[in-house]
Amino acid sequence: MKPNFRRCVSCRAIAPKEALWRVVRVYPSRTVQLDKGMGRSAYLCPNANCLKAAQKKNRLGRALRAPVHESVYEQLWQRLDTMPTESKKSP
């Protein structure tokens, strides 16, 4: 079976789906959450440069067509802090 590839909304890099973070606009409530749920999805590289650009330029909000609450970004920054340092490097 072929691996599924997705594109980062920030740096536009293509990577396997498992290597990226998934942010979901849940249907029908239109709330934005991480990882689980059915609805419109956007993917983000797990590195500081992509996360910073996505937050500053509202790339997640535009891709999901919904406002992204600050708590979602806080969860992503916490997730980045808990990752090993080798995987935080930008591509």
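All values reported here derive from a predicted model rather than from experimental measurement.

1. Focus on the overall build of the protein
Next up, step 1: Summing up its helical and strand segments, the protein has three helices and five strands in all.
Next up, step 2: Ordered by position from N to C terminus, the α and β elements of the protein give β-β-β-β-β-α-α-α.
Next up, step 3: For the protein, whose C-alpha radius of gyration is 13 Å, the value lies close to the compact-globule estimate of 12 Å for 91 residues.
Next up, step 4: Dimensions of the protein along its principal axes, counting C-alpha atoms only, are 35 × 35 × 20 Å.
Next up, step 5: Counting the 91 residues in the protein, one finds 34% classified as buried.
Next up, step 6: Once local pairs closer than 6 in sequence are excluded, the contacts in the protein between residues at least 24 apart make up 48%.
Next up, step 7: Here the protein carries 19 positive and 6 negative side-chain charges, and the mean point of each set is 12 Å from the other.

2. Notes on the side chain of Ser10
Next up, step 1: In this fold, Ser10 is placed in the loop between strand S1 (5–7) and strand S2 (14–16).
Next up, step 2: Overall, the relative accessible area of 10% leaves Ser10 in the buried class.
Next up, step 3: Polar side-chain contacts of Ser10 include one of 3.0 Å to the backbone oxygen of Cys50.

3. Looking at the environment of Tyr43
Next up, step 1: Inspection of the secondary structure assignment puts Tyr43 in strand S5 (residues 39–44).
Next up, step 2: Not counting residues within four places of it along the chain, the set of residues in contact with Tyr43 comprises Arg6, Arg7, Cys8, Val9, Lys17, Leu20, Trp21 and Arg22.

4. Side note on the nonpolar core
Next up, step 1: In terms of nonpolar packing, the biggest core is built from 24 residues, with Leu44, Leu60 and Leu76 touching the most fellow members.
Next up, step 2: Only strand S3 (21–26), strand S4 (32–34), S5, helix H1 (48–56), helix H2 (59–64) and helix H3 (70–81) provide two or more residues apiece to this core.
Next up, step 3: Per-element tally for this core: the top contributor is H3, with four residues.
Next up, step 4: Apart from residues lying up to four places away in sequence, Leu76 is in contact with Trp21, Leu34, Leu44, Leu51 and Leu60.

5. Considerations on a positive patch on the surface
Next up, step 1: The grouping of Lys52, Lys56, Lys57 and Arg62 at the surface amounts to a positive patch.
Next up, step 2: With respect to the secondary-structure elements, Lys57 resides in the loop between H1 and H2.

6. Concerning the pairing of S3
Next up, step 1: With respect to burial, S3 is a largely interior element, five of its six residues being buried.
Next up, step 2: Here six bridges tie S3 to S5, and the two strands are oriented antiparallel to one another. Its bridge partner being in S5, Val24 is matched across the sheet by Ser41.
Next up, step 3: Where S3 meets S4, three bridges bridge the pair, whose relative direction is antiparallel. Paired with Arg25 across the bridge in S4 is Val32.
Next up, step 4: Hairpin connection between S3 and S4: a loop of five residues separates the two successive antiparallel strands, and Arg30 in this loop has a positive phi of roughly 65 degrees.

About the thresholds
- Residues numbered from 1 in each chain as written.
- Predicted model: local features only at pLDDT ≥ 70, side-chain atom pairs only at ≥ 80, totals over all residues.
- Heavy atoms only, no water.
- Helix = DSSP H or I, 4+ residues; strand = E, 2+ residues; numbered from the N terminus.
- Rg over C-alpha atoms; globule rule 2.2 N^0.38 Å.
- Buried < 20%, exposed > 50% of the residue type's maximum accessible area, 1.4 Å probe, protein only.
- Contact = heavy atoms within 4.5 Å.
- Lys, Arg positive; Asp, Glu negative; His and termini not counted.
- Charge placed at Lys NZ, Arg CZ, Asp CG, Glu CD.
- Polar contact = N/O pair within 3.5 Å; in protein donor to acceptor, adjacent residues only side chain to side chain.
- Core = buried A, V, L, I, M, F, W, Y, C linked by side-chain atoms within 4.5 Å.
- Patch = residues over 30% accessible without salt bridge, like charges linked within 9 Å, V, L, I, M, F, W, Y side chains within 5 Å.
- Areas by Shrake-Rupley, 256 points an atom, 1.4 Å probe, with all protein chains shown as cover.
- Salt bridge = Lys/Arg side-chain N within 4 Å of Asp/Glu carboxyl O.
- Pairing = 2+ DSSP bridges.

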